[in-house]
Amino acid sequence: MNKTELQPAVVFEQFAKINEIPRPSKHEEKMIEYLKSWGESRGLDTQVDETGNVIIRKPATPGYENLQTVILQSHMDMVCDKLVDVQFDFDNDPIRTYVDGEWLTAEGTTLGADDGIGCAIELAILDSDNIEHGPLECVFTRDEETGLSGAEGMKAGFMTGDYLINLDSEDEGEIFVSCAGGRNTQAQFNFRREEAPAGSFFLRGQLKGLVGGHSGDDINKKRANAIKILGRFLFQTMRRYDGIRLAQFHSGKLHNAIPRDGEFIMAVPNDVKENVRADWNIFAAEVEDEFHVTDTQMQWLMESTDAQTVIEPSVARNFVWALQAVDNGIYAICQDEALGGMVETSSNIASVHTAETEINILSSQRSNVMSNLDNMCATIQAVFELAGATAQSSDGYPAWKMRADSKLTQIVVDTYQQLFGKTPVVRGIHAGLECGLFSERYPNLDMVSFGPTLRFVHTPDERLHIPTVQMVWDHLLAILKGIPQKKA
């Protein structure tokens, strides 16, 4: 299969055009202008709100004017990540895609199918002249990936539909009716730099090749976190040998991604440098064994490096001890049986970076239960504050609670059964969807979320399962014809 053979062609043609447009989170100006011009050139009612969200309205096709209005919604921004040795400018370069069997992926970067494929589906429907549907509102929000600020900034009344279908899910055959709320917690250690003790030998430890993934949807897959692994080695080493001094620690890029790589620089007494190298090799083998199913391509490197100033010892110790102690991964499982054992509450240590006189740490907490989200954030804050850092959590975004009487869910399930002869899974997702914010501003809006199958989102391994795009397309068109009529 090559790219010209991808089906449905109308969707993949739109996706190819979208991937020519730079659209990093918080820098979606080119995409906003593209959508605005695209809608206006087709004579469709097109509006951009003060936040930068775009809505394009399309009238019903003949015979469907009395159906209730459906909102199709996706986000226009993408996570920008690449392999360390790939040269790529996300502000200017188009995404380079290729077909790998049944999957579409990109050359060394994120693919942008999260959520470019949702945008492409909306544009394909808007551009059609042979699809039967009632009144449509196609909404494209900005900055979903780094705080859902597009949905947060949307004012009541921008959307006027009765039902909303969010096209930002990653497992075809699964219908999402609930999502987690989330907050970020930031911590900062301040320190003085000083000269390393005389006779010190500097070593750089590097770890890369981890799978990483989405810090919500992939948190239950038991994948390795580079920050926790490197912190664990430092903890063991500093307890074992006197005189170990930390100079640098860098790992992670995005608040919503499990860190795939990282490095530290430390000064060690000259007489134990070979012991530390041996310990590193033993530690690497042990960790590889622990993650022999999930992370099979770990790459470890320890080498000598140039002398540097080091972090004052008390702060370095407290920082490393905090990394060892802080919660990471699953904290609680949902008690509601209808959600099928989904993760309820979790935390992910997402990035650590040292500057001249400070260490900055970013972590992400999620929960479907807002009181437990508060508790998880407090737990993370407490660890870092006990270690002498300052810590605070963001306001975050709310959870989306399952609606037991959802008419839209029933329509979506029924049409899926009729099309494919099997029942889809109805469940919640342990990730933030904009539906949580919409549910606050539009409390009567009936919502579901579904989409084609994606894997390794938020990483350079991101891939889209091509056959599932056709399935989602067929399913969505059947849903649009089955929407109830407006109430008299």
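Predicted, not measured: the structure shown is a model, and the values here were computed from it.

Q: Please set out the overall build of the chain residue by residue, giving values where relevant.
A: Of the regular secondary structure elements, the chain holds 11 helices and 25 strands. Taken over C-alpha atoms, the radius of gyration comes to 24 Å for the chain, in line with the 23 Å a tight globule of 488 residues would show. Viewed in the frame of its principal axes, the chain has a C-alpha envelope of about 85 × 45 × 45 Å. Looking at the chain as a whole, 59% of its 488 residues are labelled buried. Long-range pairs, those at least 24 residues apart, make up 80% of the contacts in the chain between residues at least 6 apart in sequence. A total of about 19800 Å² of accessible surface is found on the chain, and carbon and sulfur atoms cover 47% of it. Side-chain charges in the chain split into 43 positive and 72 negative, and the spacing between the mean points of these groups amounts to 2 Å.

Q: Which residues make up the pattern of salt bridges, and what are the values?
A: Scanning all chains against the criterion turns up 28 salt bridges. The residue K221 makes a salt bridge to D218 at a minimum N-O spacing of 3.0 Å. Classification of D218 by relative accessible area gives buried; the value is 7%. K253 is the salt-bridge partner of D261, the closest N and O atoms lying 3.9 Å from each other. Within the structure, one salt-bridge network assembled from shared partners comprises R192, E194, R245 and E312.

Q: Explain the environment of A284 to me, using residue names and the numbers behind them.
A: If you trace the backbone, A284 turns up in helix α6 (residues 273-290). Residue classification places A284 among the buried positions, given a relative accessible area of 8%. Spatially, the C-alpha atom of A284 lies 7.0 Å from that of W300, the residues being 16 residues apart in sequence.

Q: Before we move on, can you summarise the environment of T423 with the specific residues and values?
A: Structurally, T423 is set in the loop between α9 (407-420) and β22 (425-429). When its relative accessible area of 52% is taken as the criterion, T423 is described as exposed. Here T423 is in contact with V413, Y416 and Q417, once residues within four sequence places are set aside. A distance of 2.8 Å separates polar atoms of two side chains, one belonging to T423 and the other to Q417.

Q: So what about empty space enclosed by the protein? Which residues, and what values?
A: Inspection of every chain in the model, using the stated rule, returns 3 cavities of 30 Å³ or more. What the largest cavity holds in volume is close to 170 Å³. The wall of the largest cavity is formed by 17 residues, among which E144, E145, H214, A431 and G432 lie closest to the centre. In terms of residue class, the lining of the largest cavity is built from 5 nonpolar, 6 polar and 6 charged.

Q: So what about the nonpolar core? Which residues, and what values?
A: Ranked by size, the top nonpolar core spans 63 residues in total, and within it L104, I125, F140, I165, F450 and L464 carry the most contacts. For this core, the leading source of residues is helix α3 (residues 113-126), giving 9 residues. Once residues within four sequence positions are removed from consideration, L104 is found in contact with K3, L6, F12, F15, T97, Y98, V99, L111, E462, R463, L464 and I466. The next biggest cluster of nonpolar side chains, apart from the first, holds 51 residues, and it includes F189, I229, W300 and I349.

Q: Describe the packing of helix α1 (residues 9-18) against α3, and please don't skip the residues or the numbers.
A: In a pair of packed helices, the angle between the axes and the distance between the axes together describe the arrangement. Contact pair α1 / α3: the axes reach a minimum separation of 8 Å and the direction vectors enclose 125°. Taken together, the axes of α1 and α3 lie oblique to each other. Our pair here, α1 against α3, has a crossing hand that is right-handed. Across the interface between the two elements, V10, V11, Q14, F15 and I18 from α1 touch A113, G116, I117, C119, A120, I121, L123 and A124 from α3. Grouping the constituent residues of the contact of α1 with α3 by class yields 11 nonpolar, 2 polar and no charged.

Q: Give a description of the pairing of strand β23 (residues 446-449) that names residues and reports values.
A: Covered by surrounding structure in β23 are D446 and V448 together with M447 and S449, the residues of both alternating faces. As defined by bridge partners, strand β7 (residues 163-166) adjoins β23 across 4 bridges and the pair is classed as parallel. In the sheet register, I165 faces β23, and the bridge partner there is V448.

Q: Quick one: what's the story with the state of the cysteines, residue by residue and with numbers?
A: Cysteine pairs can be linked by a disulfide, which is a covalent bond between their two sulfur atoms. What the rule picks out here adds up to 0 disulfides. Unpaired in terms of disulfides, C138 finds its nearest cysteine sulfur in C119, a separation of 10 Å. C179 carries a free sulfur, and the closest cysteine sulfur to it, the one in C435, is 6.3 Å from it. On the accessibility criterion, C179 (0% relative accessible area) is buried.

Parameters and conventions
Residues numbered from 1 in each chain as written. Predicted model: local features only at pLDDT ≥ 70, side-chain atom pairs only at ≥ 80, totals over all residues. Heavy atoms only, no water. Helix = DSSP H or I, 4+ residues; strand = E, 2+ residues; numbered from the N terminus. Rg over C-alpha atoms; globule rule 2.2 N^0.38 Å. Buried < 20%, exposed > 50% of the residue type's maximum accessible area, 1.4 Å probe, protein only. Contact = heavy atoms within 4.5 Å. Areas by Shrake-Rupley, 256 points an atom, 1.4 Å probe, with all protein chains shown as cover. Lys, Arg positive; Asp, Glu negative; His and termini not counted. Charge placed at Lys NZ, Arg CZ, Asp CG, Glu CD. Salt bridge = Lys/Arg side-chain N within 4 Å of Asp/Glu carboxyl O. Polar contact = N/O pair within 3.5 Å; in protein donor to acceptor, adjacent residues only side chain to side chain. 1 Å grid on protein atoms, 1.4 Å probe; cavity = no way out; pocket = protein on both sides within 12 Å on 5 of 7 lines; lining within 4 Å. Points joined across faces, edges and corners; volume = space filled by probe spheres on them. Nonpolar A, V, L, I, M, F, W, Y, C, P; charged D, E, K, R; others polar. Core = buried A, V, L, I, M, F, W, Y, C linked by side-chain atoms within 4.5 Å. Axes fitted to C-alpha atoms, helices over the stretch in contact; angles between N-to-C directions. Parallel < 35°, antiparallel > 145°, perpendicular 65-115°, else oblique. Left-handed = near helix turned anticlockwise from the far one by under 90°. Pairing = 2+ DSSP bridges. Disulfide = S-S within 2.5 Å.

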